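# A look at the structure
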There are 2 protein chains.
Amino acid sequence: MNYIIGLDVGTTATKGTVYDINGKKKAELKKGYPLIQLKEDQAEEDPRLIFAAVQTIIFKLSKMVKGKVIAISWSSQMHSLIGLDKNGELLTNSITWADNRAKDIVLRDKESGLALKIYQQTGMPVHPMAPVYKLAWLKENKPELFTQVDKWVDIKTYLLYRLTGEFKEDITMAAGTGLFSLKKLAWDQIILNQLGLKDRNFPQLVQPTAVIGKMKDEYVHKLDLPADVKVIAGASDGYLSTVGVGAVDKNEFALNIGTSGAVRMFSKKVLLDKKARFFCYPSSKNNYLLGGPVNNGGIIFEWAKKMLLGPQATAKNFLDLAQTAPAGSDGLLFHPYLGGERAPIWDSNARGSFVGLTRKHTKAYMARSVLEGIIFNLRAAAHLLTASAGKPKELRITGGFVRSNFVRQMIANIFAIPVVTMKNDQSGTLAAMLLARQELGFTENREKIKNLIKEDKTYFPDQEEAELYQNLFPLYCEIGQDLEKSYAKIAAFQKRQK
Amino acid sequence: MNYIIGLDVGTTATKGTVYDINGKKKAELKKGYPLIQLKEDQAEEDPRLIFAAVQTIIFKLSKMVKGKVIAISWSSQMHSLIGLDKNGELLTNSITWADNRAKDIVLRDKESGLALKIYQQTGMPVHPMAPVYKLAWLKENKPELFTQVDKWVDIKTYLLYRLTGEFKEDITMAAGTGLFSLKKLAWDQIILNQLGLKDRNFPQLVQPTAVIGKMKDEYVHKLDLPADVKVIAGASDGYLSTVGVGAVDKNEFALNIGTSGAVRMFSKKVLLDKKARFFCYPSSKNNYLLGGPVNNGGIIFEWAKKMLLGPQATAKNFLDLAQTAPAGSDGLLFHPYLGGERAPIWDSNARGSFVGLTRKHTKAYMARSVLEGIIFNLRAAAHLLTASAGKPKELRITGGFVRSNFVRQMIANIFAIPVVTMKNDQSGTLAAMLLARQELGFTENREKIKNLIKEDKTYFPDQEEAELYQNLFPLYCEIGQDLEKSYAKIAAFQKRQK
Ligand SMILES: Nc1ncnc2c1ncn2[C@@H]1O[C@H](COP(=O)(O)OP(=O)(O)OP(=O)(O)O)[C@@H](O)[C@H]1O
Ligand SMILES: Nc1ncnc2c1ncn2[C@@H]1O[C@H](COP(=O)(O)OP(=O)(O)O)[C@@H](O)[C@H]1O
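Only a predicted model underlies this, so the values are computations on that prediction, with no experimental measurement involved. (Residues numbered from 1 in each chain as written. Chains lettered and ligands numbered in written order. Predicted model: local features only at pLDDT ≥ 70, side-chain atom pairs only at ≥ 80, totals over all residues. Heavy atoms only, no water.)

### Examining the domain arrangement of chain A
Residues and elements named next belong to chain A. For chain A, the assigned domains read domain 1 (2-233) and domain 2 (246-422 + 462-498). Here the C-alpha centroids of domain 1 and domain 2 sit 28 Å apart. When the buried surface of domain 1 facing domain 2 is broken down by residue, Y119, P125 and L182 rank first, second and third, together holding 33% of it. Counting the contacts that link domain 1 with domain 2 gives 0 salt bridges. Scanning the region where domain 1 abuts domain 2 turns up 3 residue pairs in polar contact (both at pLDDT 80 or more). Here the side of domain 1 that touches domain 2 gets 4 residues from one element, more than from any other, and that element is helix α3 (residues 114-122). (Domains from an automatic or database assignment. Buried area = accessible area lost by both parts, 1.4 Å probe. Salt bridge = Lys/Arg side-chain N within 4 Å of Asp/Glu carboxyl O. Polar contact = N/O pair within 3.5 Å; in protein donor to acceptor, adjacent residues only side chain to side chain. Helix = DSSP H or I, 4+ residues; strand = E, 2+ residues; numbered from the N terminus.)

### A closer look at the pairing of strand β15 (residues 252-257) of chain B
Residues and elements named next belong to chain B. Buried residues dominate β15, accounting for 5 of its 6 residues. Pairing analysis gives 5 bridges linking β15 to strand β21 (residues 394-398), with the strands arranged parallel. Opposite N256, over in β21, you have T398 as the bridge partner. Where β15 and strand β16 (residues 261-267) come together, 4 bridges link them in antiparallel fashion. Residue pairing in the sheet places A254 in a bridge with R264 of β16. Connecting β15 to the antiparallel partner β16 that follows it, the hairpin turn spans 3 residues. (Buried < 20%, exposed > 50% of the residue type's maximum accessible area, 1.4 Å probe, protein only. Pairing = 2+ DSSP bridges.)

### Quick word on the UniProt feature "domain: Carbohydrate kinase FGGY N-terminal" (unreviewed entry) in chain A
On the UniProt side, "domain: Carbohydrate kinase FGGY N-terminal" (unreviewed entry) is annotated at positions that read residues 3-244 of chain A here. Each end of residues 3-244 of chain A is marked by a C-alpha atom, and these two atoms are 19 Å apart; helix forms 36% of the span and strand 23%. (UniProt positions renumbered as here; feature names shortened; annotations may be inferred.)

### Let's talk about the site of ligand 2
Residue and element names in this part refer to chain A. Inspection of the region around ligand 2 gives G258, T259, G298, I299, F301, E302, A315, L319, G399, G400, F401 and R403 as its neighbouring residues. Within the side chain of T259, one N or O atom sits 2.7 Å away from an oxygen atom of ligand 2. One of the backbone N or O atoms of G400 is found 2.8 Å from an oxygen atom in ligand 2. When isolated, ligand 2 has an accessible area of 570 Å², and the protein chains bury 71% of it. For the shell around ligand 2, the elements supplying multiple residues, two or more each, are α11 (298-309) and α12 (315-322). Counting residues per element, the shell around ligand 2 draws most heavily on α11, which supplies 4 residues. (Near = heavy atom within 4 Å. Areas by Shrake-Rupley, 256 points an atom, 1.4 Å probe, with all protein chains shown as cover.)

### Examining the relation of the copies chain B and chain A
Each copy superposes on the other: chain B lies on chain A with an RMSD of 0.0 Å after a rotation of 180 degrees and an axial shift of 0.0 Å. The symmetry that links the two subunits is that of a two-fold axis. Mapped onto chain A, 100% of the interface residues of chain B are again interface residues, and the two copies thus contact each other with one and the same surface. (Least-squares fit on C-alpha atoms with pLDDT ≥ 70 in both. Contact = heavy atoms within 4.5 Å.)

### A word on the side chain of N377 of chain B
Tracing the sequence through the fold places N377 of chain B in helix α13 (residues 363-389). Apart from the residues within four sequence positions on either side, N377 of chain B is in contact with V294, P336, Y337, E341, A343, P344 and Y476 of chain B.

### Quick word on the interface of chain B and chain A
Size of an interface: often given as the accessible area lost when the parts come together. Listed per partner, the contact involves 39 residues of chain B and 39 residues of chain A. Both faces combined, the contact of chain B with chain A buries some 3,600 Å², and carbon together with sulfur accounts for 62% of it. If you sort the residues of chain B by the area they bury against chain A, L357, R359 and F493 of chain B come out on top, with a joint share of 18%. The tally of links from chain B across to chain A stands at 17 residue pairs in polar contact (both at pLDDT 80 or more). Listing elements by their share of the side of chain B that touches chain A, those giving two or more residues are α11 (298-309), β19 (333-336), β20 (352-357), α13 and α17 (463-497) of chain B. At 14 residues, the largest contribution of residues to the side of chain B that touches chain A is made by α17 of chain B. Here the residues of the side of chain B that touches chain A are counted per class, giving 20 nonpolar, 12 polar and 7 charged. Note: strand β20 (residues 352-357) of chain A against β20 of chain B, 5 bridges, orientation antiparallel. Paired with L357 of chain A across the strands is G352 of chain B, a residue of β20 of chain B. (Nonpolar A, V, L, I, M, F, W, Y, C, P; charged D, E, K, R; others polar.)

### What to know about the site of ligand 1
Residue and element names in this part refer to chain B. Around ligand 1, 14 residues are found, and the nearest of them are T259, S260, G298, E302 and G400. At 3.0 Å, a backbone N or O of G298 approaches an oxygen atom of ligand 1. Within the backbone of G400, a nitrogen or oxygen atom sits 2.8 Å from an oxygen atom of ligand 1. Alone, ligand 1 offers 660 Å² of accessible surface; in the complex the protein occludes 69% of this. Sorting the residues of the shell around ligand 1 by element identifies α11 and α12 (315-322) as the ones contributing at least two each. At 4 residues, the largest contribution of residues to the shell around ligand 1 is made by α11. Taken together, the residues of the shell around ligand 1 break down into 5 nonpolar, 7 polar and 2 charged.

Written out as structure tokens, the structure reads:
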């Protein structure tokens, strides 16, 4: 039997899954690496450690199946930036999406209107996570380094380069740089010009299904793989996790709530927001991934659990307690913005709040309002999309936060559409494997994909609760607007306290 | 030895203290009675039960000392309203300050501008607790009853009437009706006219030190008192508790935080707020009690203790936890308006909130922010006064909420002035006794009063923390304004849920 390895290069760890050629999962592995945060707002990773983790996973997975690994494909974290010199040696760490050092650049470009132009050209929201702002920051703050760099790549390109010696980037990853023209599906010459950079400073653009090149002998031996193993380009985790849950149609929404969260959907045409509040990442001339990345998902669940119930409490304790309070928490509204927020409000100074307390409110109400607040926020992010793209007919949900029936039903009620859960939660590696199968000649139609994906249960909204949430949702949004300026002042106070 | 009994007729109970003629406390007693809340917004009491409690206390206290009780004096809850027929028989219960049924009348009179006029004429804030609005409500909603009533009195006048057969009210109590002219120190003829009422429908006005009349034989026998026992008019609890802590000078502020709270000070002249946010109750031609009554004191402490630590937790548990968080709770601000608020915002739709949460915030920070929020709110109430009357040089504090050194120091820091605590916390009955002593011919100068009152400790503000709170206080106020409209919408939602 022949096998395909799918790798999902995340921020805290890489997960790998080995599939047989028919798409059946055989084994999976995970290996972590540390985030480097020596200075304020810094969030880097050592690309060599990630490459080491990837090698270990490939080697071990290949030993867990009897037969030939004929392809390796990739799902990757977006927005990372790495500088390499003329010899392909590292000049920087991988500066991850979580790195915030370009925030003042963003502020300045926002004021000058440049940031909105970049959004309109590239579909990349106005945020320091975008390589376009990181490059501007490096150019101003580390000018020497900046001029020494010959190639600017992301983490996936770096890994592919190490394995094959080729500098190639797939367009779903390029789409997350703020340097990639939405209309031309090429590096944006105007933006490159402004940075004093040229096409040759960036990888060559390819399709996600492309074969990158021949694997270097060194790694063929070291990893004990067949010499003709295909190294597939792969794609971004955002793109693949959406495909991987079968949300391939504009009528379907993908909602992932892990530590952070995101809502995503595909559109046949470019759709942009007037205020740049959702991304529009091309994957081909007639396919665009729209969506909102949200900071505050399970990380808030985790915080609230500890805060209300103590360090020993389990997720079940928290959910059991929350279930004793009524839908809507009797008007108690929670803002989950404990560390600022990306979509839908794009405000790093936003803060968390409980608003609307009466003497009736107990811990149970607070617990429930935390869950509702996390979901309201994602609904607000989704709302921006649906306002432009139309309301979808269902929501496909994944992530650690949606493990309980209680939360799943709550999502159906708050979004007021049916919610579908997945049997396979490794949607990233699964879809990466699908890319490889495509390259190997399998025709992957909608039906086949849906077969591999395996839906689990569907949760239909409860009419009465949906209506109640419909009434509360505008209030949730309004309070955010009410507090915007005060949140900024509190954030400033908190910075002074440090 | 001769003795004086001081009675404090509260909302939940009457407390009585017997003092010897030199002002030394000999014994005290307390007897409770229920609040009647059969309909929404109703809060009544049965005057007969209160009268029974008063008789029991007088009788028992007089048996606890050897000698003659020569005078009985009173401190009383304000704003109660009782209707009596031509024979002095009850036609209503005592409608207490907590009764909210006149709220729509208040809304209407606010819009028409009438309410502000009433404030300017009488110093009574715009609130359904005021008898002037209760009378308008009764006239519209119970017209038959309204015409049957011959005398409108408050609870103290009722008790004095039962004991002596006389209808007399002291002016500090009349000041809390919204019917008493600030300038003329008499029933306001224009307001009475508007209600279709005359002077003869109200008690005769007297000084707090006045002797009401001879005690009826019936009660002289029943209570086993000397026939010539002096029944003194007494005064309002607000007036007496301020005198009773020695805040008799415009440089001194009295702050009481029990279940609810209040800030009060005396002024030599009439002072009014443009927006009617503090009261101005005359006690004589050159003495006016200014202040703000605040709903949310210890009642919020009690709620937060249960909510955060469970029903078994003690006040000490809560305070110990709060002390582990830094001053300012790292920018976490708490609004204590769980059941709306009187001063300083006069908004029954206001609600509670925690605003400014980050992942750093734990239960300890929430606990501390609750204490700070309760005190910020009282500072805001005080701020209205000091803006008109000037900043006092010290704050004299009483009530269950200020039992700990931690809270006392926090009050000093948030108010940024020295805080003085009292050894005797029965300031109401003490000052009532002083009225009786005055009538008995003792001259009570400032020094003598201060001797009887007995200060305990003084807490001086910590420079650094005071500065920090100085920075946070405007934010606390601003957030209240931010949320005003949303609070009203949440309150409306909560009403619909009932
Ligand atoms: N150690 C403490 N620290 C803070 N608050 C406390 C403490 N102990 C009791 N309290 C609070 O004090 C309040 C009771 O105070 P107090 O006995 O002065 O009130 P009260 O006379 O009922 O109130 P009011 O004066 O408003 O009529 C309760 O709400 C209680 O939660
Ligand atoms: N039963 C549960 N209900 C809600 N949230 C949960 C539950 N179990 C775990 N979580 C949250 O899910 C998050 C992890 O989800 P996962 O999808 O594994 O995250 P990641 O984004 O790190 O891959 C954590 O923040 C955790 O608090």
